[in-house]
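Chains, contacts and geometry: an overview
If you want the building blocks of each chain, they are given just below.
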Amino acid sequence: MPHYKLTYFNLRGRAEISRYVFAYSGKKYEDHRIEAADWPKIKPTIPFGKVPVLEVDGVIIHQSLAIARYLARETGLAGQTPVEQALADAIVDTIDDFMVLFPWAEKNQDVRTQAFNDILTNKAPELLKDLDAFLGDKNWLVGKSVTWADFYWDVCKHFLLLQPGSRKDQRQSCRPPVQTGK
């Protein structure tokens, strides 16, 4: 059994999808959380100077979605067929295309709030409509069981709902739900 060590800041963020996969699958891992004050001395030791990273028996994998995709494959959460795997990847990439629109690093709070409000008002409804149409009457985004795409959507929607400016009608329309259990 491989030894997994996930390294990220002491917050949810980009590593949360991997933590979901670990939790759901029951795979044991070391959840190494970095405090912001320690980051300057740790950053030069991290490939490409960015987290999260996943160490698997001494091999370091970087990039949050590459890590999550690897874990999904290892735990049976990538999709049951090659087509389902491609569809799950496509949904994750679609959601991530939306998530990268947000000015996460913006320091000016007024600019940040305005941008978030604009994206939530003008872009989110289209994404929600498309995801709702894709989901249809199914319980899961892809196939007949949960995949990492369902988890990624759950992580992203919950984070967005915590943002100032997220409207009540957007909170109520954030389908699809992630069901608990296998």
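Further up the page is the structure itself.
Attention here is on the structure that accompanies the text. (Residues numbered from 1 in each chain as written. Predicted model: local features only at pLDDT ≥ 70, side-chain atom pairs only at ≥ 80, totals over all residues. Heavy atoms only, no water.)

1. Considerations on the overall build of the protein chain
The helix and strand tally for the protein chain stands at eight helices and four strands. The N-to-C order of helical and strand elements in the protein chain reads β-α-β-α-β-β-α-α-α-α-α-α. Residues counted as buried form 39% of the 182 residues belonging to the protein chain. Relative to all contacts within the protein chain whose residues are 6 or more apart in sequence, the contacts with residues 24 or more apart total 65%. If you sum the accessible surface of the protein chain, you get close to 10,100 Å²; carbon and sulfur atoms cover 55% of it. (Helix = DSSP H or I, 4+ residues; strand = E, 2+ residues; numbered from the N terminus. Buried < 20%, exposed > 50% of the residue type's maximum accessible area, 1.4 Å probe, protein only. Contact = heavy atoms within 4.5 Å. Areas by Shrake-Rupley, 256 points an atom, 1.4 Å probe, with all protein chains shown as cover.)

2. Considerations on the sheet that holds strand E4 (residues 59–62)
Strand order across the open sheet formed by four strands is E2-E1-E3-E4, with mixed pairing between neighbours. Each edge of the open sheet carries a strand with a single partner, namely strand E2 (30–34) and E4. Strand-to-strand twist in this sheet, taken as the mean axis angle between neighbours without regard to direction, amounts to 20°. Judged from the four bridges that link them, strand E1 (residues 4–9) and strand E3 (residues 53–56) form a sheet pairing that is antiparallel. What sits directly across from lysine 5, in E3, is glutamate 55. Running at roughly 145° to E1, helix H1 (residues 16–25) makes contact with E1, E2 and E3 of the sheet. (Pairing = 2+ DSSP bridges. Axes fitted to C-alpha atoms, helices over the stretch in contact; angles between N-to-C directions.)

3. Quick word on the nonpolar core
Note on soluble globular proteins: their nonpolar side chains tend to be buried together. Formed by 48 residues in total, the largest nonpolar core has its most connected members in Leu54, Ile95, Phe98, Trp148 and Tyr152. Mapped onto this core, the elements with two or more residues apiece are E1, H1, E3, helix H3 (64–75), helix H4 (82–99), helix H5 (109–122), helix H6 (124–135) and helix H7 (148–161). Sorting elements by how many residues they give to this core places H7 first, with seven residues. Each of two domains, domain 1 (4–74) and domain 2 (82–173), supplies a minimum of three residues to this core. Residue contacts for phenylalanine 98: discarding those within four places in its chain leaves Ile119, Lys123, Ala124, Leu127 and Leu160. (Core = buried A, V, L, I, M, F, W, Y, C linked by side-chain atoms within 4.5 Å. Domains from an automatic or database assignment.)

4. Some remarks on the packing of H4 against H6
Interhelical geometry of H4 versus H6 gives an angle of 165° and a closest axis separation of 11 Å. The orientation of H4 with respect to H6, classified from their angle, is roughly antiparallel. Of the two possible hands of crossing, H4 and H6 adopt the one that is left-handed. Touching Leu87, Ile91, Thr94, Ile95 and Phe98 of H4 are Ala124, Leu127, Leu131 and Phe134, all from H6. Among the residues making up the contact of H4 with H6, the classes are represented as eight nonpolar, one polar and no charged. (Parallel < 35°, antiparallel > 145°, perpendicular 65-115°, else oblique. Left-handed = near helix turned anticlockwise from the far one by under 90°. Nonpolar A, V, L, I, M, F, W, Y, C, P; charged D, E, K, R; others polar.)

5. Considerations on the packing of aromatic side chains
Considering all chains together, one arrives at ten aromatic pairs under this definition. Measuring from centroid to centroid gives 5.3 Å for phenylalanine 98 and phenylalanine 102, while their planes differ by 85°, and the two rings are edge-to-face. Like phenylalanine 98, the residue phenylalanine 102 is buried in the burial classification. In textbook terms, an aromatic cluster arises when at least three aromatic residues are bridged by ring pairs, as seen for Phe98, Phe102, Trp104 and Phe116. The ring of phenylalanine 134 has lysine 138 sitting right over it, with the charged end atom 4.6 Å from the ring centre. (Phe/Tyr/Trp six-rings, centres within 6.5 Å; stacked < 30°, edge-to-face > 60°. Lys NZ or Arg CZ within 6 Å of the ring centre and 35° of its normal.)

6. Digging into unusual backbone geometry
Residue proline 52 follows valine 51 across a cis peptide bond; omega there is 15°. In this structure, proline 52 sits in the loop between helix H2 (39–42) and E3. Of note, phenylalanine 48 is a non-glycine position whose phi angle comes to about 65°, a positive value. With respect to the helices and strands, phenylalanine 48 occurs in the loop between H2 and E3. Positive phi outside glycine occurs at aspartate 57, with the angle close to 50°. By the secondary structure assignment, aspartate 57 is in the loop between E3 and E4. Using a relative accessible area of 54% as the deciding quantity, one classes aspartate 57 as exposed.

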